[in-house]
Amino acid sequence: MWDLFKAEILRFRSWVAAYAALQVVVLGFMTRVVDLAQQPELVYEVLGGVYGLTGMLLGLYQMGGYRRPNTWLNLLHRPMPHWQVAAALFGAGVALLAIAVLLPLLLIAGWQELMTARVVDARHLLLCLSGWLIALCAYLAGGYAMLANKRYSFCALVFLLLLAFGRATGIGAIVVQLMALAFLSAMVLAAFKPDLGAAPRSTVGTVATAAPLQMTMWFALVMVFFGVEFVWIAQGSHPNNRAVPMAGGEKEAENAEGKDLIVIGLKDSRGPETPLWREQAGISEIYGIDQYFRAAPVRNELTNLAPMEFDDNERRVRWVFSHDSMRFEGYSLVDKRPVGALGVAGQTPFAYPPLPAADGILVSRDTVYQYDSDDEIVLPRARLPAGEIVAGYGNVGDSMALLSDRALYFYDADEFKNDDGVLTPRQRVPLPGKIGDMSRIDMMELLDGYLISFAFTWRSYNAEGALPYQEIVRVDEQGRVSRIARRETGLDYPVAWRYRNWYVSPVLYAVQRAATGLFAGYVPYFDTNRPPVPGGAKAIAGTLMLFSLLGAVWRTRQTSLPMPTRIAWIVLCGAIGLPALMSLWLLYPKRETLADLPLTTAATA
């Protein structure tokens, strides 16, 4: 086993050394230009994709060389169990990727920590580990794709989709990657057998293959609908690209100007002041939320929603937030030397990581801070009640509006500019819906308060969001809130389209929601008010499940599966639907009969 491991290391040593050297050069050049530890999320996603592609190519090439029949027989006919052969080969691949991917990342992180004044936290070391784990998952997926039967070997790629769409943060993301790595290891061991083309026979091997295969089939069906949507858009009748949106529909509510939307929302209101408000909306300035935050920074998250730094141009200092100390660490933009730390009102650590915004404003999970360059100090200016999360802010005439996941607050803008204390809100308006459903807020100043239009259409195009509606409320100077009008917005998409991801398999739809949200915590962007599934979607789902059950009865009769296994597959197809039927068809080909064999013919003299 050890000799096989060493032989595999020697086989790829030149390629790995060249890859590691190239990565050191590229990362070294990049870190001279930018701070790699303070990049937006997209940069890390691109790098993760490169590492994943690297691992997959290694797995495909390595196992592709052994898959040829003669080579495979020579490999397995050794005086050692098959699992030890697999451990030696894949263990060498793990070591090679550690040298090619992980080692250069740690070298660059160590150089930045020891030789510069930039911030390197413990989370950045976990980020390096995450890059290596992504490469390992892709490596095992590539190896499985080469070893297993070509009818279903692609199913291992579903774990890479999980890593791409998963929302886990911090150490939770590492745990998810380790779970994917463990499952892929089980799949590879199940596929590492003498007859590579045969379906798995053990219960564990069958489950390890069928579960990701069914999830892959669900995703494939979703992609079919995605292609249909492309055709729909090309045809020109899709709600997103109609020249004129449907009157009263959700697209009209999303694209209309603020004044027009307020007039539409007041259409059915019979209040005595409604005619005046309609007329005023046409000539008044309508305000919105200048900046939305769909998520709040979380301590020790691996990536950044946005760079956690800001520049003090007067002092020529760059302040970079450290998750370890929970303070900003500064260094001079002139000589790159450290200039000290910056906390709340001096050196008090921040309770939550703050995200730098415009004009010296820093926004954390529950507090808005303001940076004063003259005194070089950060002061809290607005604080939300316990349990609420900042979701946006903007200027509304003489007021500053602060949006949380539960309410909209108005503060005195002059007090915000000229004072340095914590502001007290003048009005609080509870949100008439979930923040994850809300697409826009439009506000109009009145003589004694504000008229506010809330539109909840953000996720109404699929099964994730509430049915679209618009609600208009009024808040007076004393903070009294009254509902003026509510309008149920028309649906631009039919039920059969909105629930397309759900009815192909309600079970797998729930599984993917749970898997992508694992260790993600509470994210306001995904906090929605999902309505009950309508009867039409349930009828479609039931029809598809019945079709799958009958299809499984027909298909299992054509295979050589024993009766208990046939019954289990029939029940599974009836419960899960089309993805299970498709996986049954891919896993177990039709049983050969005498009629399928080529007839022998007598040789002619």
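Use the structure listed above.
Residues numbered from 1 in each chain as written. Predicted model: local features only at pLDDT ≥ 70, side-chain atom pairs only at ≥ 80, totals over all residues. Heavy atoms only, no water.

Asker: Would you explain the packing of aromatic side chains in this entry?
Answerer: How two aromatic rings sit relative to each other is given by the distance of their centres and the angle of their planes. Following the criterion strictly, the structure yields 24 aromatic pairs and no others. With a centroid separation of 4.9 Å and 75° between ring planes, the pair formed by Phe 350 and Tyr 369 is classed as edge-to-face. In this pair, Phe 350 is assigned in the loop between β6 (338-342) and β7 (355-356) and Tyr 369 in strand β9 (residues 367-372), connecting sequence segments 19 residues apart. Across the pair, exposure class does not vary: Phe 350 and Tyr 369 are buried alike. Residues Phe 410 and Tyr 450 carry aromatic rings whose centres are separated by 4.4 Å and whose planes lie at 5° to one another, so their mutual orientation is stacked. Of this pair, Phe 410 sits in strand β13 (residues 407-412) while Tyr 450 is found in strand β16 (residues 449-456), placing the two residues 40 residues apart along the sequence. In terms of burial, Phe 410 and Tyr 450 fall into one category: buried. Feature note: the residues Phe 310, Phe 321, Phe 328, Phe 350, Tyr 369 and Tyr 371 constitute an aromatic cluster, connected by ring pairs. The residue whose ring lies beneath Arg 459 is Tyr 525, and the NZ or CZ to ring-centre distance is 4.3 Å. (Phe/Tyr/Trp six-rings, centres within 6.5 Å; stacked < 30°, edge-to-face > 60°. Helix = DSSP H or I, 4+ residues; strand = E, 2+ residues; numbered from the N terminus. Buried < 20%, exposed > 50% of the residue type's maximum accessible area, 1.4 Å probe, protein only. Lys NZ or Arg CZ within 6 Å of the ring centre and 35° of its normal.)

Asker: How should I be thinking about the packing of helix α4 (residues 82-115) against helix α5 (residues 122-147) in this particular structure?
Answerer: Angle between the axes and distance between the axes are the two parameters that describe a pair of packed helices. One way to put it is that α4 packs onto α5 with a least axis distance of 9 Å and a crossing angle of 155°. Here α5 runs roughly antiparallel to α4, going by the angle between their axes. Relative to α5, α4 is oriented so that their crossing is right-handed. Packed against α4, whose contacting residues are Leu 89, Phe 90, Gly 93, Val 94, Leu 97, Ala 98, Val 101, Leu 102, Leu 105, Leu 106 and Ala 109, the element α5 presents Leu 125, Cys 128, Leu 129, Gly 131, Trp 132, Ala 135, Leu 136, Tyr 139, Leu 140, Gly 143 and Leu 147 at the interface. Along the lines of polarity and charge, the residues of the contact of α4 with α5 split into 19 nonpolar, 3 polar and no charged. (Axes fitted to C-alpha atoms, helices over the stretch in contact; angles between N-to-C directions. Parallel < 35°, antiparallel > 145°, perpendicular 65-115°, else oblique. Left-handed = near helix turned anticlockwise from the far one by under 90°. Contact = heavy atoms within 4.5 Å. Nonpolar A, V, L, I, M, F, W, Y, C, P; charged D, E, K, R; others polar.)

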